[in-house]
Amino acid sequence: MEFNDAILHESGERLDVPRRLREALSWEISSELVRRHPEELMLAELQPGGGQYDCMTIVSLHGEQMSFMNRISKGHINVALRHTLDDRPNWTQVLLADDRRTVVELIESDMGLVVPRETPLTTSRSIGYRVIAEMILQKALSKNSLFASHGWYDGEMHELNAKMSFFEAVPPAHEALRASNAGELFKSPAANFWFVFELEPGKQHTHFMEFDTKSNPPLFAVDCYKGMLHGPRFSIDLMAEYVANDRNLEKLIRAIYIDLDKVQGR
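Thresholds applied
Residues numbered from 1 in each chain as written. Predicted model: local features only at pLDDT ≥ 70, side-chain atom pairs only at ≥ 80, totals over all residues. Heavy atoms only, no water. 1 Å grid on protein atoms, 1.4 Å probe; cavity = no way out; pocket = protein on both sides within 12 Å on 5 of 7 lines; lining within 4 Å. Points joined across faces, edges and corners; volume = space filled by probe spheres on them. Helix = DSSP H or I, 4+ residues; strand = E, 2+ residues; numbered from the N terminus. Expected span 1.5 Å × (residues − 1). Buried < 20%, exposed > 50% of the residue type's maximum accessible area, 1.4 Å probe, protein only. Arc of directions from axis to C-beta. Contact = heavy atoms within 4.5 Å. Polar contact = N/O pair within 3.5 Å; in protein donor to acceptor, adjacent residues only side chain to side chain. Phe/Tyr/Trp six-rings, centres within 6.5 Å; stacked < 30°, edge-to-face > 60°. Pairing = 2+ DSSP bridges. Axes fitted to C-alpha atoms, helices over the stretch in contact; angles between N-to-C directions.

Asker: How should I be thinking about the layout of surface pockets in this particular structure?
Answerer: Left-over empty space is what a probe sized like a water molecule reveals as it rolls over the atoms. The volume enclosed by the second largest pocket comes to roughly 280 Å³. As for the second largest pocket, its lining consists of 16 residues, of which Glu 28, Ser 31, Glu 32, Arg 35 and Leu 137 are closest to the centre. When contributions to the lining of the second largest pocket are tallied by element, the ones reaching two or more residues are α2 (19-36), α5 (101-110) and α6 (127-139). If one sorts the elements of the lining of the second largest pocket by residue count, α2 sits on top with five residues.

Structural data, given as structure tokens:
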């Protein structure tokens, strides 16, 4: 089905997509954008309007432009080129479209990015986002799906707006944060990190995910600026492992799960 099909858009305005699928779709699109523009873009989780929205946000490091993917119920992808609010893409459109590259290209146009002739090779600046996106996509239809939460909070918090309870739950990530200088995004090293959690169905229905690190600690953290994955008691240079696994993302993810299983004694 064509992404721009009018009937699909109209139907999508009446329907809703489960939160776990909005999570997976937002990561699929945003990680592909970083893959295509690794030196220009990073990802953040923002709550515009004083916390009214939960947005996967594509941030341009040079022009400070942003594109928002609102993941609350009946949310939209807010693309400035659309003339009216009714024209904004909804998640049903994105889910049922034959080719989601149309959405990627729409956001590229909106942000004034030069469309690459071909997708660049994966680098340390894009590998972390790709790993998170693929792992979330693989689990999107599972009973316990995966969700990612940014290590930096969009609001008033303590030093550097870091979600310290997240970092403390993954000691290698905490050490990496303490050793980091300010990153390019929001001038805070905490904004380089994303934390991946497994959530059971009963915890997937709220507009804003609430993560209790004491009862459900993160599986791992990823420093997407440096391309490092930090598990409970280990760290992985994702780019080195990606190359060692024949630049095959699925092989890399299997290796990550093996390390996680060893830590958990499976």
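That was the structure; now back to the text.
Asker: Sorry, what's going on with α6 here?
Answerer: Residues spaced three or four apart along an α-helix point in a common direction, a consequence of the helix completing one turn every 3.6 residues. Helix length check: α6, at 13 residues, gives a terminal C-alpha distance of 19 Å against a target of 18 Å (1.5 Å per residue), a fit within 8%. Considered for burial, the residues of α6 that qualify are Ile 127, Gly 128, Tyr 129, Arg 130, Val 131, Ile 132, Ala 133, Met 135 and Ile 136.

Asker: Can you help me understand the environment of Glu 118 in this one?
Answerer: Here Glu 118 shows up in the loop between α5 and α6. Separated by 82 residues in sequence, Glu 118 and Arg 36 have C-alpha atoms that sit 8.3 Å apart.

Asker: Teacher, can you tell me more about helix α1 (residues 6-14) here?
Answerer: When α1 is considered as a whole, its buried residues turn out to be Leu 8, His 9 and Gly 12. Around the axis of α1, the buried residues are gathered within 100° of arc, so they sit on the same side. What points out from α1, more than 90 degrees from its buried face, is the exposed set Ala 6, Ile 7 and Arg 14. For α1, the secondary structure elements touched by its buried residues are α4 (91-96). The N-terminus of α1 is capped by Asp 5, whose side-chain oxygen sits 3.0 Å from the backbone nitrogen of Ile 7.

Asker: What is the right way to look at the packing of aromatic side chains in this model?
Answerer: Any aromatic ring pair is given by two values, namely how distant the centres are and how the planes are angled relative to each other. Counted according to the given criterion, the structure contains nine aromatic pairs. Geometrically, the ring pair formed by Trp 27 and Tyr 129 is tilted, given 6.4 Å between the ring centres and 35° between the ring planes. Taken as a pair, Trp 27 in helix α2 and Tyr 129 in helix α6 lie far apart in primary sequence, 102 residues in all. Chaining the aromatic ring pairs together yields one cluster made of Phe 166, Phe 167, Phe 193, Phe 195, Phe 197 and Phe 211.

Asker: Explain the sheet that holds strand β8 (residues 228-230) here, please?
Answerer: The antiparallel open sheet is built from five strands, whose spatial order is β5-β6-β7-β8-β9. Across the chains shown, the open sheet's two edge strands, defined by having one partner strand only, are β5 (145-150) and β9 (235-237). Here the strands of the sheet are splayed against their neighbours by 25° on average, with no regard to which way each runs. In this sheet, strand β7 (residues 220-223) lies alongside strand β6 (residues 193-199) in antiparallel orientation, the contact comprising four bridges. Paired with Trp 194 across the two strands is Val 222, which belongs to β7. Each of β5, β6 and β7 touches α6; the most contacted strand, β5, lies at about 150° to it. Together, β6, β7, β8 and β9 form the strand contacts of helix α8 (residues 171-179), whose direction differs from that of β6 by roughly 165°.

Asker: Would you explain the pairing of strand β2 (residues 55-60) in this entry?
Answerer: Counting buried residues along β2, six of its six residues qualify, which places the element largely inside the surrounding structure. Judged by which residues are buried, β2 turns out to be covered on both faces: Cys 55, Thr 57 and Val 59 on one side and Met 56, Ile 58 and Ser 60 on the other are all buried. Pairing analysis gives six bridges linking strand β1 (residues 41-46) to β2, with the strands arranged antiparallel. Paired with Met 42 across the strands is Val 59, a residue of β2. Taken together, the five bridges between β2 and strand β3 (residues 66-70) define a ladder with antiparallel strand orientation. Bridged to Thr 57 within β3 is Phe 68.

Asker: Please explain unusual backbone geometry as it appears in this structure.
Answerer: The bulk of non-glycine residues show a negative phi, and the bulk of peptide bonds are trans. Even without being glycine, Lys 74 reaches a positive phi, approximately 60°. Along the polypeptide, Lys 74 turns up in the loop between β3 and β4 (77-78). Despite not being glycine, Lys 187 has its phi angle at roughly 55°, a positive value. Turning to its location among the elements, Lys 187 is positioned in the loop between α8 and β6. A relative accessible area of 71% places Lys 187 in the exposed class.

Asker: Explanation requested: the sheet that holds β1 in the structure shown.
Answerer: Strands in a sheet are paired, the pairing made by backbone hydrogen bonds, and the direction either parallel or antiparallel. The antiparallel open sheet is built from four strands, whose spatial order is β1-β2-β3-β4. Of all the strands in the sheet, the pair left with one neighbour each is β1 and β4.

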